[in-house]
Every structure is written in C-alpha cells, then in structure tokens.
Amino acid sequence: MNAPATARRLRVHVLRYNPAEPEVLPRTQTYEVDEAEGMTLFILLSELREKHDPSLQFDFVCRAGVCGSCGMVINGRPGLACRTLTAELPADITLAPLPTFELIGDLSVNTGKWMREMTERLEAWVHTKEQEVDLRRHEERMDPDLADEVYELDRCIECGCCVAACGTAHMRRDFVGAVGINKVGRFRLDPRDARGDEDFYELLGNDDGVFGCMSLLACNDLCPKELPLQSQIAFLRRRLARI
Amino acid sequence: MNSTHAGMLAADAIRPRASRWPARLDVAQSVSGLLLALFMWGHMVFVASILVSKDAMWTITKLFEGYFVFGESYPGIVSVIVALVFGLFILHAGLALRKFPANYRQYSLFGRHMRGMRHEDTTLWYWQVLTGFALFFLASAHLWWMLTHPGMIGPYASADRVWGDHFWILYLLLLFAVELHGGIGLYRLAVKWGVFEGKDPAASRRRLRAAKWTITVFLIALGLATLAAYVKIGIEHAPQRGERYTPAWVQHEGGES
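Now for a look at the structure at hand. (Residues numbered from 1 in each chain as written. Chains lettered and ligands numbered in written order. Predicted model: local features only at pLDDT ≥ 70, side-chain atom pairs only at ≥ 80, totals over all residues. Heavy atoms only, no water.)

**Some remarks on the interface of chain A and chain B**
When the parts of a complex come together, some accessible area is lost, and that lost area is often used as the size of the interface. Our working definition: Only heavy atoms matter for contacts: two residues are in contact if any of them lie within 4.5 Å across the pair. In the sections that follow, a salt bridge refers to a side-chain nitrogen of Lys or Arg positioned within 4 Å of a carboxyl oxygen of Asp or Glu. Here a polar contact is taken to be a pair of N or O atoms separated by no more than 3.5 Å, where protein atoms must pair a possible hydrogen donor with a possible acceptor and residues adjacent in sequence count only if both atoms sit in side chains. Helix and strand definitions here come from DSSP, where helices need a minimum of 4 consecutive H or I residues and strands a minimum of 2 consecutive E residues; each element is numbered from the N-terminal end. Polarity classes work like this: nonpolar for Ala, Val, Leu, Ile, Met, Phe, Trp, Tyr, Cys and Pro, charged for Asp, Glu, Lys and Arg, and polar for all others, with Gly in that last group.
Opposite the 37 residues of chain A that make contact, chain B presents 35 residues. Across the contact surface, chain A and chain B share five salt bridges. Our count for the contact surface shared by chain A and chain B stands at 20 residue pairs in polar contact (both at pLDDT 80 or more). Among the elements of the structure, strand S4 (77-80), helix H5 (167-171), helix H7 (197-204), helix H8 (218-222) and helix H9 (229-241) of chain A are those that each provide at least two residues to the side of chain A that touches chain B. Here the residues of the side of chain A that touches chain B sort into 16 nonpolar, 11 polar and 10 charged.

**Considerations on the layout of surface pockets**
We apply this condition: Points on a 1 Å grid, built from protein atoms alone, make a cavity when a 1.4 Å probe fits but cannot get out and make a pocket when they are open with protein on both sides within 12 Å along at least 5 of 7 lines; residues with an atom within 4 Å of a point are the lining residues. Grid points are joined across faces, edges and corners, and a volume is the space filled by probe spheres set on the points.
By volume, the second largest pocket amounts to about 530 Å³. Forming the boundary of the second largest pocket are 25 residues, of which Val73(A), Pro97(A), Pro99(A), His170(A) and Arg112(B) lie nearest the centre. Counting only elements with at least two residues in the lining of the second largest pocket, the list comes to strand S1 (9-16) and strand S5 (92-96) of chain A together with helix H6 (104-117) of chain B. A total of five residues in the lining of the second largest pocket trace back to one element, the largest contributor, which is H6(B). When the residues that make up the lining of the second largest pocket are grouped by side-chain class, the tally is 15 nonpolar, eight polar and two charged.

**Quick word on the state of the cysteines**
Residues and elements named next belong to chain A. Our working definition: Disulfide assignment relies on a single distance test, namely cysteine sulfur atoms paired within 2.5 Å. Summary of the burial criterion: residues with accessible area below 20% of their type's maximum are buried, those above 50% are exposed, and those between are partly exposed, where the area comes from a 1.4 Å probe applied to protein chains only.
Under the counting rule described, the total for this entry stands at zero disulfides over all chains. Lacking any disulfide linkage, cysteine 67 is separated from the closest cysteine sulfur, that of cysteine 62, by 3.6 Å. Residue cysteine 67 is classed as partly exposed on the basis of its relative accessible area of 27%. Unpaired in this structure, cysteine 162 has its nearest cysteine sulfur neighbour in cysteine 156, at a distance of 6.3 Å.

**Quick look at unusual backbone geometry**
With a phi close to 55 degrees, Glu158(A) is a non-glycine residue in the positive phi region. For Glu158(A), the position within the fold is in the loop between helix H3 (144-154) and helix H4 (161-164). Residues other than glycine seldom take positive phi values, yet Arg118(B) does so here, at roughly 50 degrees. In this structure Arg118(B) comes out as exposed when scored by relative accessible area, which is 52%.

**Details of the nonpolar core**
Which entries qualify depends on this criterion: Buried Ala, Val, Leu, Ile, Met, Phe, Trp, Tyr and Cys residues form a nonpolar core when they are joined through side-chain atoms within 4.5 Å.
Ranked by size, the top nonpolar core spans 36 residues in total, and within it Ile181(A), Leu204(A) and Val210(A) carry the most contacts. Of all the secondary structure elements, the ones that give two or more residues to this core are helix H2 (111-121), H4, helix H6 (177-189), H7 and H9 of chain A. The contact partners of Leu204(A), leaving out residues within four places of it in the chain, are Leu122(A), Val176(A), Ile181(A), Val184(A), Gly209(A), Val210(A), Phe211(A), Leu236(A) and Leu240(A). Core analysis: the next-biggest nonpolar cluster, separate from the first, contains 33 residues, Trp58(B), Val78(B), Ala139(B) and Val178(B) among them.

**Quick notes on the packing of helix H2 (residues 21-48) of chain B against helix H10 (residues 201-237) of chain B**
All names here are of chain B. What counts is decided by this rule: Axes, fitted as lines to C-alpha atoms, cover a helix only where it is in contact. Angles between the N-to-C directions of the axes lie from 0 to 180 degrees. By the definition used in this description, the sense in which the near helix is turned from the far one sets the handedness, with an anticlockwise turn below a right angle giving left-handed and a clockwise turn giving right-handed.
Put simply, H2 and H10 touch, their axes get as near as 10 Å, and they point 35 degrees apart. As for how H2 packs across H10, the hand of that crossing is left-handed. Seen from H2, the contacting residues are Trp41, Met44, Val47 and Ala48; seen from H10, they are Ile215, Leu219, Leu222, Gly223, Thr226 and Tyr230. For the contact of H2 with H10, the class distribution of residues is eight nonpolar, two polar and no charged.

**Some details on the sheet that holds strand S2 (residues 27-34) of chain A**
Residues and elements named next belong to chain A. How we decide: One bridge is not enough; two strands pair if DSSP finds at least two bridges between them.
The five strands are arranged S2-S1-S5-S3-S4 in an open sheet whose pairing can be described as mixed. The two strands at the open ends of the sheet, each matched to only one other strand, are S2 and S4. Taking the axes of each pair of neighbouring strands and ignoring which way they run, one obtains an average angle of 35 degrees across the sheet. Relative to S5, S1 runs parallel, the two being bridged by four bridges. In the strand pairing of S5, histidine 13 is matched with threonine 94. Across the sheet, helix H1 (residues 41-52) lies against S1, S2, strand S3 (71-74) and S5, angled at about 100 degrees from S2, the strand it touches most.

**A few points about the environment of Pro191(A)**
Residue and element names in this part refer to chain A. Assignment of secondary structure puts proline 191 in the loop between H6 and H7. Between the alpha carbons of proline 191 and leucine 146 there is a distance of 8.9 Å; along the sequence they are 45 residues apart. Here proline 191 is in contact with Met142 and Leu146, once residues within four sequence places are set aside.

**Here we look at a nonpolar patch on the surface**
Inclusion rule: For patch building, the residue pool is restricted to those with more than 30% relative accessible area and no salt bridge; the joining distance is 9 Å between like charges and 5 Å between nonpolar side chains (Val, Leu, Ile, Met, Phe, Trp, Tyr). Surface exposure here means Shrake-Rupley accessible area, sampled with a 1.4 Å probe, where a residue is shielded only by the protein chains that are shown.
A grouping of Phe39(B), Val69(B), Phe70(B), Tyr74(B), Ile77(B) and Ile81(B) is seen on the molecular surface, where their side chains present a nonpolar patch of about 530 Å² in accessible area. Contributing elements (two or more residues each) for the nonpolar patch: helix H4 (67-70) and helix H5 (76-96) of chain B.

**Examining the packing of aromatic side chains**
Residue and element names in this part refer to chain B. Put simply, the test is: The aromatic pairing rule takes the rings of Phe, Tyr and Trp, using the six-membered ring of Trp, and pairs them if the centres are within 6.5 Å, calling planes under 30 degrees apart stacked, those over 60 edge-to-face and the rest tilted.
The tally for this structure, following the rule as stated, stands at 20 aromatic pairs over all chains. Relative to phenylalanine 64, the ring of phenylalanine 46 has its centre 4.8 Å away and its plane inclined at 70 degrees; by these criteria the two rings are edge-to-face. In this pair, phenylalanine 46 is assigned in helix H2 and phenylalanine 64 in helix H3 (residues 54-64), connecting sequence segments 18 residues apart. Residue phenylalanine 46 is classed as partly exposed on the basis of its relative accessible area, which comes to 33%.

**Focus on the pattern of salt bridges**
Residue and element names in this part refer to chain A. A full pass over the atoms with the stated rule returns 30 salt bridges over all chains. Between aspartate 197 and arginine 188 there is a salt bridge whose closest N-O contact spans 2.7 Å. Given the relative accessible area of 13%, aspartate 197 is considered buried. Several salt bridges share partner residues, and in doing so they unite Glu139, Asp154, Arg186, Asp190 and Arg192 into one network.

**Structural notes on H5(B)**
All names here are of chain B. What counts, and what does not: The span one expects for a helix is its residue count, reduced by one, times 1.5 Å.
With 21 residues, H5 should cover 30 Å at 1.5 Å per step; its first-to-last C-alpha distance of 30 Å lies within 8% of that length. Inspection of H5 places Val78, Ser79, Val82, Val85, Phe86, Phe89, His92, Ala93, Leu95 and Ala96 among the buried residues, and these make up the whole buried set. Buried residues along H5 sit against H2, H3, helix H7 (120-148) and helix H9 (167-193).

**Structural notes on the packing of H3(A) against H6(A)**
Residues and elements named next belong to chain A. The criterion, for reference: Our angle categories are set so that under 35 degrees counts as roughly parallel, over 145 as roughly antiparallel, 65 to 115 as roughly perpendicular, and the remainder as oblique.
Where H3 contacts H6, the two axes come as close as 9 Å, and the packing angle between them is 165 degrees. With respect to H6, the element H3 is oriented roughly antiparallel. Note on packing geometry: the crossing formed by H3 with H6 is left-handed. Touching Leu146, Glu149, Val150, Leu153 and Asp154 of H3 are Asn182, Gly185, Arg186 and Leu189, all from H6. For the contact of H3 with H6, a count of residues per class yields four nonpolar, two polar and three charged.

As structure tokens, this is what we get:
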C-alpha cells in the first residue's frame, strides 16, 4: 500500500506476551509504520506482521466487522481492528489484548471459550416444548416484524468488546455481561422458545446476571454493532424484577 | 451404591428455585435512593428559604414543628422525620455496599479500566462510590445532630450552629457529596430502569445527562448561596449567640422556640 506524500508516521505500541513462553515477561514493543489512505488497524497489523515481525499474534477472519475476531483494546477502549481507521486515531497508537478473556498471545484472546461457557450457563438456545424435534416438519411461521426484532438482537457477533468495556465484568469475573443479557433477550422474543420469564429468572435473576449490572453503559456506547444494549438490559431488569 | 451416596445424588439432582432476593434488593436500592434524592431536593428548598427572608425560614421550621396545626411547637415531630430519613439512609447505604469494590484488587482493576476508557458514565460511577463513602460519615454526623437537637433549627439557631459551632465545614463537604451523589444516582436510576427512554434512547440519555448536570450545578450554587447566607447571619449574630429569632408579627406570642 502506497503512502501519500503527507502521510503520518504512526508509532504503534503493542503489548506483547506469549503465555507459552512465560520466561519472557510482558513488554510493550513499538513499531513505526507509514500511514496509508483508508488504512484500518487490521491493515496496519497485517503490514506489521508481513514486513516487520512475523511473530506478532492477532486474530482476524472476515476483515469486515462480521466475525468479531479482531477485538482489541485500542488506546484504552475496546474496538474491532478491522472497523477502526487509523485516520481516527492519534499518531501514537497503543494496542492491547481484550481483558477478561484468556490470553492466547499478544493481541489474540480466546473469546470463544468465554462465550461458550456463558452460552451454556444461560442455556442460550431455543427450548422447544417437544422433547424431540421433527426435522421434516416445516417451522411455524413468524411475524416479519417479530423476526426483525429477533434479528436485531441476533446481530451480536460475540466480539467481546462489551465485556471488555464493562467495569462490572472487570471487577466480577462471573458477571454475564451485556452479551449474555442480550442473548436471553433474544430467546425471550423467539416464539419457538417455550420458556417464560420465570425460567429466564432462573438463569439471569441474580447478582451475576441482570441485577449485577451497574448501568455504566460502556457496553452500549462501544458495541461495534450498535446493538440496543441499554434498552435490552433495562427491559429485562423490569421484567425479571416483577417475577 | 450405599444410601448416603444415593442421597447426595438426589440432592444434587434437585436444582433449588433461584432466590427472589436479588430482584427485591435491586428494587429496594433504587426506591430508597429515589426517595432520598427527592427528600434532598425538598430539603434544599426548605433550607434555602433563608435566601428569601428570616421570616420565611422561621415559618417553614415552625410548619415542620406543627406550630400552625397545634398552636405550639413540637420539635419531636422533626426527630421522627429525621429518624425515618436516617433509617432510609442506613438501608440505602447497606444495599449500595453490595456494589462497592470489595478489595484492593477490584479497586485497582476498576481504576485502571476507568483511566483507560475515559468513558463518562464509568467515571461517574467511581465518583458515586467516593461520594457515597463520604456520606456514610458526613450524613450520619448531620442526621445524628438533628435527631438529638430537633428544636435547634431556626434563622439564628441554624446560623449560630453553622458559624459559631463550625458546622459550615461539615455542610460544605456534605453539599458537594450529596449533590454529586444524588444527581448521578437519579440519572443512573433513569437509564437503569429505562425510564424516559422514549423512541430514541440515545437522544433521551443525552438529554438526561444534560438535565443531570444542570440540576447538580444549580443545586450546588443554591447550596453555596444558602450556606453563605447562614455564615453571614452567624457572624452578625455572634455577639448574641444563643438568642432565638422571633418574627415581629408573632413577638407577642412569645418567641422562636
């Protein structure tokens, strides 16, 4: 990628640590890169790995804000590398892995493990009335407006930014985070799910669930998909407080 | 398999119904906070009546002492009101403690997170914790004094206390702690329960935040002006410290107390 004549020289400070090499202490490594037009952090990191340091670890799949793999802390705030333009950042860029998740190495974290545990704990899948599902039968029709509402919450890509942005999750590791509360909200809307609010209370009605949320709302403000997390958490809090 | 083992398995198999207490405690924390914040708005109006006139402040004091109902003052009524507020305050403090960082590690984690995030609502929560902690002591000192000296309220009695007994130091700290804590708390209550959310929650939240700051700045300014008024009266009244105020129009009825 060619740099325009007026391109800035970016100084990228990356927190480096590989748990597989515990003898090498965590350190900040600084790289200098010429900024290119339309450059995203993902492009910048790819260039770093290709031209400067092939050992640098970070995750990506889609490069388009769909897979949720490239979440990291960018100048103190969680965000997706592929959706962050370097032009929006100062010349000094500090990158760190998302906190609260298991570190794989450098900027790569195991959000999948956390999300799976949360999903199992909240039983975040459709619970049908029938014990056995007849796969040959057509699904019941869903009202298009309702399908849109379900889809709106289902847009979550489980990138982990809401958890990393949450002060409560930092202090209390068992907190389910906005991603978990949003998931329950999604299945509560789904007419195929036979569970009622009493059942959802069993999963979320505690201080690690919706009543543990302290309404700091960084989850809502930093969600890369702009999900209505503030409204969802407030809605579920009202519903479950009535149980 | 012996019977003990079988019994343990049966116990494990029964999942107890989730307690309803987390919901009740969350609601109780919100309701007690709301009542205290509304009370503090009223309290500010009552004490700020000194800015209107000494007579206005005297009249409100006597209203709470039942003077205009019973024809004479019963300061015990004030003690009952203070006791109720004190009880609500202790309840709210106890419930809010559940949310405080529990140890150095949690304070450290939150502090580092807050500094990195530079996110207003996250920072405001930290201020709410700090001011809440300060209120444990500041509000308790004030409430205990009012509980045990209910008759010592009035234009001169309060001014003598503020200046002569150096209560202005306590009240200055209390003013900032209460107004910051209450303002942030009411804003958080609204977003926590989705009140005033409307069709555009982001716009509503911006308006709520603007209203919060406006109200907080106004109440702190009003509180400072009120405190300054009591200090001025206290300095002027210092030579006659202990004398009670009596409006000219009731002097024939026998004075303030």
